[in-house]
Amino acid sequence: MVNKAILKIKIRILSELKLIDMIKIILLLLTFSFTCVAFGQSVAPAVPADFTQYVDPMIGTAAATTGSEVKLGGIEDNAMVQPSVTFPFGMTNWSPQTTNTEKKCIASYFYQDSLMTGFRGSHWLSGSCTQEYGSMAIMPESGQLVCSPLKRGSHFSHSSEVSSPQYYKVDLNTSQITVEMTASKRCGILRFTFNRAGKAHLVVNPNNDIGESFVEVVPGKNEIVGYNPVRRIYQGNGERAGFSGYFVMQTENIPDSFGVYSRDQILKGQLQLRNLPDLGAYFTFNVKKGAHVYVKIGTSFVSIEEARKNLEAEIPDFDFLKIEQKLKNKWNDILSRIEVESSKRSELVKFYTAMYHSFQQPRTYNDIDGSYPRFDGNDQTDTIRNGNYYCDFSAWDTFRALHPLYNLIAQKYNADMVKSLLAMGRVRGWLPIFPQWNSYTSAMIGDHVVAIIAEAYVKGVISLTEKDYQLMRHNATESPATYEEYIEGKGRRALKSYLKYGYIPLEDSVKEAYHNREQVSRTLEYAYDDFAIAQVAKKMGKNDDYNYFIKRAQNYRNVFDSKVNNMNGRFANGEFFKDFDRNKMLSFFTEGTPWQYNWFVPQDPEGLINLMGGNSKFNDTLDEFFAQGQYWHGNEPGQQIPFMYIYSGQPWESTRKVRHILKTEYDTGPGGLSGNDDSGQISAWYILGAIGFYPVCPVLPEYAVTGPIFPKVTIKLGNGKTLVISAPGASETNCFIQSARLNNRPFNQCRITHEQIVNGGTLVYEMGPEPNKKWGVVTETQP
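Residues numbered from 1 in each chain as written. Predicted model: local features only at pLDDT ≥ 70, side-chain atom pairs only at ≥ 80, totals over all residues. Heavy atoms only, no water.

## Side note on the overall build of the chain
Then, number 1: Each helix and strand in the chain was counted, giving 21 helices and 33 strands.
Then, number 2: Along the three orthogonal principal directions, the C-alpha set of the chain runs to about 85 × 80 × 50 Å.
Then, number 3: Sorting the 783 residues of the chain into buried and exposed places 62% on the buried side.
Then, number 4: Sequence separation of 24 or more characterises 69% of the internal contacts of the chain that already satisfy a separation of 6 or more. (Helix = DSSP H or I, 4+ residues; strand = E, 2+ residues; numbered from the N terminus. Buried < 20%, exposed > 50% of the residue type's maximum accessible area, 1.4 Å probe, protein only. Contact = heavy atoms within 4.5 Å.)

This is the structure in structure tokens:
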């Protein structure tokens, strides 16, 4: 700003001058101000936009109330997200806790619950039905000390909750305590306000269900430290994962007393416990009414000492507001990468909450000094020198839209994620299928880590070495030499059958997998993964490999039964399953019906259209599919289906279907997410659908175009360029593309290339209430 002393002198002079002189001086001052700007003098900065105000982390914390999920969702009718205060891709997410377990399919918080039992340092896979692991919790209390999580709950009201990406607050009615949380990448800080004078307690526990954890009080440092060993599920179920969740809790206040406990047995003054059921530790203070007690917690997957280092580096003091502001700034950096304009706050809330959910996982695994537990490493440690090491990839879900989103607006993050996947492969010689809790799992079908790597390479986000390529090829062409390796989750399931028959016959029940059987779905998804490897081989100039894998990418044809005009189970002798019902869930399909899975040929939609009888018959069948309410948005296998009309000559129908899904499958209430969010995949679908283009086949550098729901979208691309999408007058009724111009040139295509997007510029749509059936139409596909 202009020096205040100079301004005072000028004001005094002005008061002594005549009007005409005053006008001259004012003009002179204006000139002086502009000169300051021109020569780099500081001026008052514009107030930055706050996108966090549009994020509601409570969306998805209750059973879904959206369209297809109510009808078809079943056990997956909850989005399974937590209202976490968290750094984007943070190591630990800080969530209110209404449950007390790490068991499968139980998140820390459910909106319908009325008792708060703690505040958790969580490693839950956002939106999943997997397991919590390596977590801990802290609970403040007043009056009587009650340690067991099963007995210490406090009633609370949702009306007292304040939830945002950077801040959470709630009033505990039973104990008259106000709790506030914020966080850094690996640490959390909490502020407890005790609204009742007297005894105040902080109870800390590892969330371990089987009585194998450790806790210790360190009085001289005002610390409680501990760890919670991680065990596997899926392949290797029940075995140790080879690392633990470690924590260091520090208080600003010196406790008056302390102790440890196991269930209801409280051991005052004792310093540590190990491997007892429901153990923990506590601090007790004498407080005045309205007193604040500050707590900060560091976490690590390597050791207590590394957790302490992380805490010293990220939260060196107890300045709650400073950490909150840093986290808010970080989220605004992420959220502002796509800026949308709308007159409806509800649309902004849905969009930016989807952005928030899309940047939860994969999670950072390395400490501030780069150390991290080796993948499948049996307590060994590795160190990353540049970037970050990530794990918890819900790959069966996220290869579809989440990683394509990162390849547009978060390329550096995704490059580190892909490097992490390759690092996992180098440790044991096999790329993981569904890497969770830093272990092989083979939890879901397919080999989609290969597809994630391939997409990043094809789109220029990473480079690959010959060794990297050989890892991908190894997964696709070989099986482990020993049965022990195979049952541990290494290698593609049922690969030998797939290579022998060109499909997985029904006789192969795929016993060594969490999902048994599902032979048709595996065949379809392996065919896509083969196509992904073919694209890598093509870019690397490996023509023989390209020809080999592109031929395998056609294996979907081997499970298409022309008699029922649908994918169907097939026996080793070539005969198809007879008792076929396309609307009935059958064991050879994954989490869906044959009709819902029929459309999964993203690498060759034209080929599928040909098999089904050409554009007209294909469209009739697709119309019938939607008319009968068979589209299930809450599960991933069919999420490309609404865009299939683009390949069959009716792009306006894709626009119609996408708009309907955006309106009916997403909402602003606690039940406003359609099914498990699966690490942000459902949310990423919303983002891409709302801005108007979607990667039907992510490994191909192109997107299906349906047009934006917003009048203006500004995308800050990961390469530093910007794409501005304008659709003046776009609305619920004005939703059909009439014409378009890309960088001031006519654009008459219902597909846009990755290169056209990342080159930036302007994309301008004219929208209307009725389809322009000449815009973007592809030529007829005939059988």
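## Describing the nonpolar core
Then, number 1: With 198 residues, the main nonpolar core has F119, I338 and F351 as its most contacted residues.
Then, number 2: The greatest single-element share of this core, amounting to 9 residues, is contributed by helix 14 (residues 519-540).
Then, number 3: With residues up to four places along the chain from it excluded, the contact list for I338 reads F351, Y352, M355, L405, I409, I687, I691, V713, T714 and I715.
Then, number 4: Grouped together as the second largest cluster of nonpolar side chains are 16 residues, I189, F214, F318 and F320 included. (Core = buried A, V, L, I, M, F, W, Y, C linked by side-chain atoms within 4.5 Å.)

## As for helix 6 (residues 345-358)
Then, number 1: Over its 14 residues, helix 6 extends 20 Å from the first C-alpha to the last, a length consistent with the 20 Å expected when each residue adds 1.5 Å.
Then, number 2: Within helix 6, burial applies to E347, L348, V349, K350, F351, Y352, T353, A354, M355, Y356, H357 and S358.
Then, number 3: Structurally, helix 6 contributes buried residues whose contacts are with helix 5 (320-335), strand 19 (338-341), helix 8 (402-409), helix 19 (651-664) and helix 20 (681-691). (Expected span 1.5 Å × (residues − 1).)

## Some words on the packing of aromatic side chains
Then, number 1: Applying the stated rule across the entire model yields 46 aromatic pairs.
Then, number 2: Centroid distance F89 to F359: 5.4 Å. Interplanar angle 50 degrees. Geometry classified as tilted. Within this pair, whereas F89 is found in the loop between helix 3 (67-72) and strand 1 (93-97), its partner F359 is found in the loop between helix 6 and strand 20 (363-364), the two being separated by 270 residues in sequence.
Then, number 3: Assessed through its relative accessible area of 0%, F89 is described here as buried. (Phe/Tyr/Trp six-rings, centres within 6.5 Å; stacked < 30°, edge-to-face > 60°.)

## Thoughts on the state of the cysteines
Then, number 1: Taken as a whole, this structure holds 1 disulfide when the rule is applied.
Then, number 2: The residue that forms a disulfide with C105 is C129, at a sulfur-sulfur distance of 1.6 Å. Taking the sign of the S-S torsion, about 100 degrees here, the bridge from C105 to C129 comes out right-handed. Of this pair, C105 sits in the loop between strand 1 and strand 2 (115-116) while C129 is found in the loop between strand 3 (118-122) and strand 4 (136-142), placing the two residues 24 residues apart along the sequence.
Then, number 3: The cysteine C697 is free of any disulfide, with C750 supplying the nearest cysteine sulfur at 15 Å. (Disulfide = S-S within 2.5 Å.)

## Some words on the confidence of the model for the chain
Then, number 1: Predicted confidence across the chain gives a mean pLDDT of 92, with 92% of residues reaching 70 or more.
Then, number 2: Across residues 1-45 the pLDDT falls below 50, and counting only partners more than four positions away or on other chains, this stretch makes 15 contacts in the model. (pLDDT = per-residue confidence, 0-100.)

## A look at the pairing of strand 1
Then, number 1: Counting buried residues along strand 1, 5 of its 5 residues qualify, which places the element largely inside the surrounding structure.
Then, number 2: Across 5 bridges, the pairing between strand 1 and strand 3 is antiparallel. Its bridge partner being in strand 3, N93 is matched across the sheet by S122. (Pairing = 2+ DSSP bridges.)

## Describing the environment of L524
Then, number 1: With respect to the element layout, L524 can be found in helix 14.
Then, number 2: Distance in space between the C-alpha atoms of L524 and M355 is 30 Å, their sequence separation being 169 residues.
Then, number 3: Setting aside chain neighbours within four positions, we find L524 in contact with Y556, V559, M567, Y597 and F600.

## A short note on the packing of helix 8 against helix 10 (residues 448-458)
Then, number 1: Interaxial distance between helix 8 and helix 10 falls to 10 Å at its minimum, and their mutual angle equals 25 degrees. Compared by their axis directions, helix 8 and helix 10 come out roughly parallel. The chirality of how helix 8 crosses helix 10 is right-handed. Facing helix 8, whose interface residues are H403, P404 and N407, helix 10 presents I452, E455 and A456.
Then, number 2: By residue class, the composition of the contact of helix 8 with helix 10 is 3 nonpolar, 2 polar and 1 charged. (Axes fitted to C-alpha atoms, helices over the stretch in contact; angles between N-to-C directions. Parallel < 35°, antiparallel > 145°, perpendicular 65-115°, else oblique. Left-handed = near helix turned anticlockwise from the far one by under 90°. Nonpolar A, V, L, I, M, F, W, Y, C, P; charged D, E, K, R; others polar.)

## Digging into the sheet that holds strand 12 (residues 223-231)
Then, number 1: Strand order in the open sheet formed by 9 strands is 6-7-8-9-18-13-12-11-16, and the pairing between neighbours is antiparallel. The open sheet has two edge strands, strand 6 (162-163) and strand 16 (272-274), and neither has a second partner.
Then, number 2: The sheet contact formed by strand 6 and strand 7 (residues 168-172) spans 2 bridges and is antiparallel. Along strand 7, the bridge assignment pairs S163 with Y168.
Then, number 3: Lying over the sheet, helix 4 (residues 304-314) contacts strand 9 (187-194), strand 11 (214-218), strand 12, strand 13 (240-251) and strand 18 (291-300), oriented at roughly 45 degrees with respect to strand 13.
Then, number 4: Seen against the sheet, helix 5 touches strand 8 (177-183), strand 9 and strand 18 and runs at an angle of roughly 50 degrees to strand 8.

## Considerations on the pairing of strand 3
Then, number 1: Across the 5 residues that make up strand 3, a large majority, 5, are buried.
Then, number 2: A two-sided burial pattern is seen for strand 3, the buried positions comprising G118, R120 and S122 on one face and F119 and G121 on the other.
Then, number 3: Of the strand pairs in this sheet, strand 3 and strand 4 are connected by 3 bridges, and their pairing is antiparallel. Across the sheet, residue R120 finds its bridge partner in strand 4, namely A137.

## Some words on the environment of G290
Then, number 1: By secondary structure assignment, the location of G290 is in the loop between strand 17 (279-287) and strand 18.
Then, number 2: Measuring from C-alpha to C-alpha, the distance between G290 and R196 comes to 6.9 Å, with 94 residues separating the pair along the chain.
Then, number 3: Apart from residues lying up to four places away in sequence, G290 is in contact with T193, F194 and N195.

## Looking at the sheet that holds strand 31 (residues 745-746)
Then, number 1: Judged by pairing direction, the sheet is mixed, and its 6 strands sit side by side in the order 19-28-29-33-30-31 without closing on themselves. Only two strands of the sheet have a single partner each, and these edge strands are strand 19 and strand 31.
Then, number 2: The pairing of strand 30 (residues 736-742) with strand 33 (residues 761-768) spans 6 bridges and is classified as antiparallel. Across the sheet, the residue bridging to S739 is E766, located in strand 33.

## Points about the side chain of N475
Then, number 1: Take N475: it is sitting in helix 11 (residues 466-477).
Then, number 2: Assessed through its relative accessible area of 0%, N475 is described here as buried.
Then, number 3: Among the polar contacts made by the side chain of N475, one reaches the side chain of D447 at a distance of 3.2 Å.
Then, number 4: In contact with N475, other than residues within four places in its own chain, are W430, L431, I433, D447, V450, R492 and L495. (Polar contact = N/O pair within 3.5 Å; in protein donor to acceptor, adjacent residues only side chain to side chain.)

## Looking at the environment of F393
Then, number 1: Structurally, F393 can be placed in the loop between strand 23 (390-391) and helix 7 (395-398).
Then, number 2: The buried category is assigned to F393, whose relative accessible area is 1%.
Then, number 3: Linking F393 and P728, residues 335 residues apart in sequence, is a C-alpha distance of 38 Å.
Then, number 4: Excluding anything up to four places from it in sequence, F393 contacts P362, H403, M417, L421, M424, F434, P435 and Q436.

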